[in-house]
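# Structural description and commentary
The chain contents come next:
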Amino acid sequence: TTVAIGPGSTEDISHSLMLKTKQLADELGINVSTHVAGWIEINAYTLRQFGERDLEHLHTVGLTGPRGVFFHAVWLSDTELEILAQTGSKVVHCPIANAYLGYGIAPVSKMLARGIPVGLGTDGAASYTYDLWEVGRAAAMLQKASRLDGEAITAEQILAMLTIDGARVLGLDHQIGSLEVGKRADIIVIDFDQPHLLPDGRFVPKLIYSTQGS
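Residues numbered from 1 in each chain as written. Predicted model: local features only at pLDDT ≥ 70, side-chain atom pairs only at ≥ 80, totals over all residues. Heavy atoms only, no water.

On the surface, a nonpolar cluster with roughly 380 Å² of combined accessible area is contributed by Tyr100, Leu101 and Tyr128. Note on placement: Tyr128 falls in the loop between β5 (118–120) and α7 (132–147). (Patch = residues over 30% accessible without salt bridge, like charges linked within 9 Å, V, L, I, M, F, W, Y side chains within 5 Å. Areas by Shrake-Rupley, 256 points an atom, 1.4 Å probe, with all protein chains shown as cover. Salt bridge = Lys/Arg side-chain N within 4 Å of Asp/Glu carboxyl O. Helix = DSSP H or I, 4+ residues; strand = E, 2+ residues; numbered from the N terminus.)

As structure tokens, this is what we get:
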């Protein structure tokens, strides 16, 4: 069992509890997983309360770094993207939840260009699906549409976010995420003998854009 502390967001708990969360995570050597800049209003809240944007404030508190796992990360400035990159912080991108809730579209292609590890998530019931193939497909489509660029993100990058980069975000890439000697055999099998998956051309785009969890 892998354990992390999940303080919700800067709006969900008091400043003193956020500091205690950081202290306990340091003592136990575990990840802190929290929502950051998911909805635009939270930046207004943290600016009023602390004089900083949401991610800037969590950086001041000390939650950024290799054990910092941030969900959503939609409303980030270029400065905040650099903070994530420089500190080795991780991002969980939840494209369907963000779209359904009207939060916006996270700048994932900018994150990847800066070397920020990004995995894919559902945000639980908020996305009305636990099908990560569907999540991966939405992640690709939304990046392309929002950037007006059909090459804003590749199928290969999405597949990595579904596998090794997702493991890297959780700090488990030494155990899972790729098929290597010494790692756990964390494998799924896909039946390509289906009308929507008949192989033609490149396999990875076929996986990302046509595969269904069922």
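Glancing now at helix α10 (residues 203–210). Residues of α10 that are buried: Pro205, Lys206, Leu207, Ile208 and Ser210. Check the buried side of α10 and you find it contacts α7 and α8 (155–162). (Buried < 20%, exposed > 50% of the residue type's maximum accessible area, 1.4 Å probe, protein only. Contact = heavy atoms within 4.5 Å.)

This paragraph deals with the packing of α7 against α10. Think of two packed helices as two axes; the pair is described by the angle between the axes and how far apart they sit. With their axes 7 Å apart at the nearest point, α7 and α10 run at an angle of 100° to one another. Taken together, the axes of α7 and α10 are roughly perpendicular relative to one another. Taking contact as the criterion, the partners of Trp133, Gly136, Arg137, Ala140, Met141 and Lys144 in α7 are, on α10, Leu207, Ile208, Tyr209 and Ser210. (Axes fitted to C-alpha atoms, helices over the stretch in contact; angles between N-to-C directions. Parallel < 35°, antiparallel > 145°, perpendicular 65-115°, else oblique.)

Moving on to the nonpolar core. In summary, soluble globular proteins display a tendency toward joint burial of nonpolar side chains. By size, the foremost hydrophobic cluster in this structure holds 38 residues, and its most contacted members are Leu76, Met111 and Ile158. Considering every element that reaches this core, the biggest residue donor is α7, with five residues. Filtering out sequence-adjacent residues up to four positions away, Leu76 remains in contact with Ala37, Arg53, Leu55, Leu81, Leu84 and Met111. Core analysis: the second largest hydrophobic core is formed by five residues, Val69, Val92, Cys94 and Ala97 among them. (Core = buried A, V, L, I, M, F, W, Y, C linked by side-chain atoms within 4.5 Å.)

Further remarks concern the packing of aromatic side chains. Taken as a whole, this structure holds three aromatic pairs when the rule is applied. Considering the side-chain rings of Tyr100 and Tyr128, the 5.0 Å spacing of their centres and the 70° angle between planes classify their relative orientation as edge-to-face. On the criterion of sequence distance, the pair formed by Tyr100 in helix α5 (residues 95–100) and Tyr128 in the loop between β5 and α7 is long-range, its members being 28 residues apart. Aromatic pair Phe192 and Phe203: ring centres 5.3 Å apart, planes at 70°, arrangement edge-to-face. On the criterion of sequence distance, the pair formed by Phe192 in the loop between α9 (164–169) and α10 and Phe203 in helix α10 is long-range, its members being 11 residues apart. (Phe/Tyr/Trp six-rings, centres within 6.5 Å; stacked < 30°, edge-to-face > 60°.)

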